[in-house]
Amino acid sequence: MLLKNDGGLLPLAPRTRLAVIGELARTPRFQGAGSSQIVPTQVDDALTAIRDSATDVVFAPGYGMGPGSAGGASTDGALADEAVAAARDAGVVLFFAGLPQSAEAEGRDREHIELPTDQLDVLDRVLAVNPRVVVVLSNGSVVRLSGFADRVPAIVEGWLLGQAGGGATADVLFGRVNPSGRLAETVPLRLRDTPTWTSFPGTGLHVTYGEGIFVGYRWYDARDLAVQYPFGHGLSYTTFAYADLTVTAGPADGVVGLTARLTVTNTGGVAGREVVQCYVSVPGSAVPRAPRALAAFAVIDLAPGESRAVELAVDRADLAYWDVRAGRWHVEGGTYRVEVGASSRDVRVAAETAVPGDAVATLLTPGSSVGEAMAHPVVGPVVTALLRAAGLSDDVMIMTRAMPLERLPYQPGSGVTHRRLRALLALANSRLAALLTRPRLR
C-alpha cells in the first residue's frame, strides 16, 4: 500500500544504487503471534527479491530484532554506523521498519502506537546523510508516522504480507505491480486523538464504548481532526479524474435508496486500479450522524487514458438509523448529500438528492412530549390546531412542546381534556400498529 510518493521517487529504476537498511528486509515478520501462527512452505524476504531486481544493492541491518530493548530491538551502535555509511552514497535508501512480534499479540492490549526507538534513531541518522528515503513498514496494526512522515519522500505500508511478502514488496517498489491498496483505518497523528482515548482501558474489567456511532474515520471527520492518513487513502503510480456525478433516489418502498453515477478516467501514463468510494450524509438530520459515512464503493481497472462509467447503488436499508422510540429501523426523509472520492478526506465530486422517508411510527404515551405529538402524522395536525386555538404565545409554545402530554389537560385553554387525550393516544397508536405490521423490503 503506497501512502506517500513525493516527486515520483517510486517506482525504482533497476540501475539505481540502493541501500537496503533494516533487519526486517532480511528477516521478515510476515505473520501474527499466538494462535494465528502457521508453518509456511517457504518464506520470501524482501532483500533477496530486491537484489534480484536491481544491479547495485548494499545492505546494512541497522538494528537487531532480539528481545533487548523497548519494542524488542537490540541497540547496537556499530549496526547504526554501518547503516549510515551504506546510506551516504546511495541513490535511494530503502529503510525497512516495523513492529517486532513482542509488540502485538493476542491476550494483551498495546500500550502505545510507536515504532521501536532503535529503528527511529537509525532512521534519523540515515536522513541526516541522505534524504531520498523510502520507508517500508511491516506491522500488524497502525503505528504513528508523524515523527518522520514529513521528512521522507515515500512510505510503503506492507502490513504482515505472509510468506510471499518479500517478492510482493519488490514488485511494488520496482513498478511491476501498480499499488492499489486502501487504508481500512485512519492513521492518527497521535494516540490521544483516537476515539477511545478517554474511555480505554476503563476501570477493572469494564470498558465504556463512549464513542457511540463515531467509530474510526467518523470520529476524526466529525471533530475535523487532522490525521496522518485518512480512511480509504492509498496512492497509485497513475492518476484518476472524477466527473459528471449524478444522483437519483429510489422509491420509499424500494430496495435501492439512491444511485450515484459518474465517469472515472485514468489520466496517467500507466494502467492502474482505482477504488471509487461513495460517502453519504444528511445535512440537518434529526439524529446524530457522521459528516460522511461510506455507503458503497467500486473497484475499476483502467488503461492509460481510458474512461469508464461507474454506478454505485446504496441500499435503502443502509440509509436507515435505529429509532429507539419506535423500536425499528427508520429512513429519514430529506436532502441527502453524496460525496464520491478517493478517501474520506479526498472528495472529488458531490451532489444532493431528495430521499423519501419512512412514515413516522412512534408510540405515543402520556409521557411523550407535546412536540412528539405535534410531529405525529396522524394526530399531529389535531394537537397543533388545539394549541394554536388556545392563543399561546411563541415563548409559551416553545415551553409547551417540551411538556409531557399528560400535563396538557392542566394547561389553561389547551382544549385537551383527559378524555380527548386518551382518544388521541388510541387513534395514534392504532394507526401505528397497522404500520408496523405492514411488510417492508429490507
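Residues numbered from 1 in each chain as written. Predicted model: local features only at pLDDT ≥ 70, side-chain atom pairs only at ≥ 80, totals over all residues. Heavy atoms only, no water.

Student: So what's going on with the overall build of the protein chain? Residues and values would help.
Tutor: Counting its regular elements, the protein chain contains ten helices and 15 strands. Taking 442 residues into account, the globule formula puts the C-alpha radius of gyration at 22 Å, and the protein chain, at 29 Å, lies well above it. Along the longest, intermediate and shortest principal axes, the C-alpha atoms of the protein chain span 90 × 55 × 40 Å. Counting all 442 residues of the protein chain, 47% fall into the buried class. A fraction of 71% describes how many contacts in the protein chain between residues 6 or more apart in sequence connect residues 24 or more apart. Of the roughly 21,100 Å² of accessible surface on the protein chain, 55% is carried by carbon and sulfur atoms. Of the charged side chains in the protein chain, 40 are positive and 44 negative; the average position of the first set lies 9 Å away from that of the second. (Helix = DSSP H or I, 4+ residues; strand = E, 2+ residues; numbered from the N terminus. Rg over C-alpha atoms; globule rule 2.2 N^0.38 Å. Buried < 20%, exposed > 50% of the residue type's maximum accessible area, 1.4 Å probe, protein only. Contact = heavy atoms within 4.5 Å. Areas by Shrake-Rupley, 256 points an atom, 1.4 Å probe, with all protein chains shown as cover. Lys, Arg positive; Asp, Glu negative; His and termini not counted. Charge placed at Lys NZ, Arg CZ, Asp CG, Glu CD.)

Student: Talk me through a nonpolar patch on the surface; I want residue IDs and the actual numbers.
Tutor: A contiguous nonpolar surface patch, about 330 Å² in accessible area, is contributed by Phe 200, Val 207 and Tyr 209. Its place among the elements puts Val 207 in the loop between α5 (165-173) and α6 (217-222). (Patch = residues over 30% accessible without salt bridge, like charges linked within 9 Å, V, L, I, M, F, W, Y side chains within 5 Å. Salt bridge = Lys/Arg side-chain N within 4 Å of Asp/Glu carboxyl O.)

Student: Describe the pattern of salt bridges, and please don't skip the residues or the numbers.
Tutor: Counting across every chain of the model gives 21 salt bridges. With its nearest N and O atoms 2.5 Å apart, the salt bridge here joins Glu 104 to Arg 29. You can see Glu 104 sitting in the loop between β4 (92-98) and α4 (117-129) and its partner Arg 29 sitting in the loop between α1 (23-26) and α2 (46-53), a full 75 residues away along the chain. With a relative accessible area of 11%, Glu 104 lands in the buried category. In this structure, Arg 337 and Glu 339 form a salt bridge, with 3.3 Å as the shortest nitrogen-oxygen distance.

Student: Give a detailed account of the sheet that holds strand β9 (residues 272-281), specifying residues and quantitative values.
Tutor: If you trace the four strands from one edge of the open sheet to the other, you get β10-β9-β14-β15, paired in antiparallel fashion. For this open sheet the edge positions go to β10 (293-302) and β15 (347-355), each flanked by a neighbour on one side alone. Going from strand to strand, the sheet's axes swing by 20° on average, the running direction of each strand aside. In this structure, β9 lies alongside β10, joined through nine bridges in antiparallel fashion. Bridge assignment links Val 276 to a residue of β10, and that residue is Ala 298. (Pairing = 2+ DSSP bridges. Axes fitted to C-alpha atoms, helices over the stretch in contact; angles between N-to-C directions.)

Student: Describe the nonpolar core, listing the residues and the values that go with them.
Tutor: Ranked by internal contacts, the top residues of the largest apolar core, which has 59 residues, are Ile 50, Leu 94, Phe 96, Val 134 and Leu 173. A per-element tally of this core places β4 first, with six residues. In terms of nonpolar packing, the next biggest core, distinct from the first, is built from 29 residues, Leu 245, Ala 298, Leu 302 and Val 331 among them. (Core = buried A, V, L, I, M, F, W, Y, C linked by side-chain atoms within 4.5 Å.)

Student: Which residues make up the sheet that holds strand β1 (residues 2-5), and what are the values?
Tutor: Read across the open sheet, the six strands follow the order β1-β6-β5-β4-β2-β3; overall the sheet is mixed. Every interior strand has two partners, whereas the edge strands, β1 and β3 (56-60), have only one. Across this sheet, the average inter-strand angle for adjacent strands is 15°, counted without regard to direction. Packing against the sheet, α2 makes contact with β2 (17-21), β3 and β4, and its axis sits at approximately 160° to β3. Packing against the sheet, helix α3 (residues 77-88) makes contact with β2, β3 and β4, and its axis sits at approximately 160° to β3.

Student: Requested: an account of the confidence of the model for the protein chain, with residues and values cited.
Tutor: Looking at the protein chain as a whole, the pLDDT averages 91, with 94% of positions reaching at least 70. For residues 68-74, every residue scores under 50 in pLDDT, and the model assigns this stretch 23 contacts once sequence neighbours within four places are set aside. (pLDDT = per-residue confidence, 0-100.)

Student: Please provide a residue-by-residue account of the side chain of Ser 369, values included.
Tutor: With respect to the element layout, Ser 369 can be found in the loop between β15 and α7 (370-374). The exposure class of Ser 369 is buried, given its relative accessible area of 19%. Beyond its immediate sequence surroundings of up to four residues, Ser 369 is in contact with Arg 401, Ala 402, Met 403, Pro 404 and Leu 405.

Student: I'd love a proper account of the packing of aromatic side chains, names of residues and values included.
Tutor: Enumeration over the complete set of coordinates arrives at four aromatic pairs. Here a set of aromatic residues connected by ring pairs shows up, and it is made of Tyr 217, Phe 231 and Tyr 279. Over the ring of Phe 214 we find Arg 223; its NZ or CZ atom is 5.6 Å from the centre of that ring. Geometry around Trp 219 places Arg 223 over its ring, the cationic atom sitting 3.6 Å from the centre. (Phe/Tyr/Trp six-rings, centres within 6.5 Å; stacked < 30°, edge-to-face > 60°. Lys NZ or Arg CZ within 6 Å of the ring centre and 35° of its normal.)

Student: With reference to specific residues and values, describe empty space enclosed by the protein.
Tutor: The final tally for this structure, using the stated rule, is three cavities of 30 Å³ or more. In this structure, the largest cavity encloses a volume near 190 Å³. Along the walls of the largest cavity sit 19 residues, with Leu 24, Pro 28, Ser 138, Leu 161 and Thr 169 positioned nearest its centre. Among the secondary structure elements, those contributing two or more residues to the lining of the largest cavity are α1, β4, β5 (133-138) and α5. Looking at the lining of the largest cavity residue by residue, the classes come out as eleven nonpolar, six polar and two charged. (1 Å grid on protein atoms, 1.4 Å probe; cavity = no way out; pocket = protein on both sides within 12 Å on 5 of 7 lines; lining within 4 Å. Points joined across faces, edges and corners; volume = space filled by probe spheres on them. Nonpolar A, V, L, I, M, F, W, Y, C, P; charged D, E, K, R; others polar.)

Student: Which residues make up the packing of α2 against α5, and what values go with them?
Tutor: The N-to-C vectors of α2 and α5 enclose an angle of 40°; their axes lie 7 Å apart at closest approach. Comparing their axes, α5 and α2 come out oblique. Every pair of crossing elements has a handedness; the one defined by α2 and α5 is right-handed. Of the residues in α5, those touching α2 at Ala 46, Ala 49, Ile 50 and Ser 53 are Gly 166, Gly 167, Ala 170 and Leu 173. Counted by class, the contact of α2 with α5 contains five nonpolar, three polar and no charged residues. (Parallel < 35°, antiparallel > 145°, perpendicular 65-115°, else oblique. Left-handed = near helix turned anticlockwise from the far one by under 90°.)

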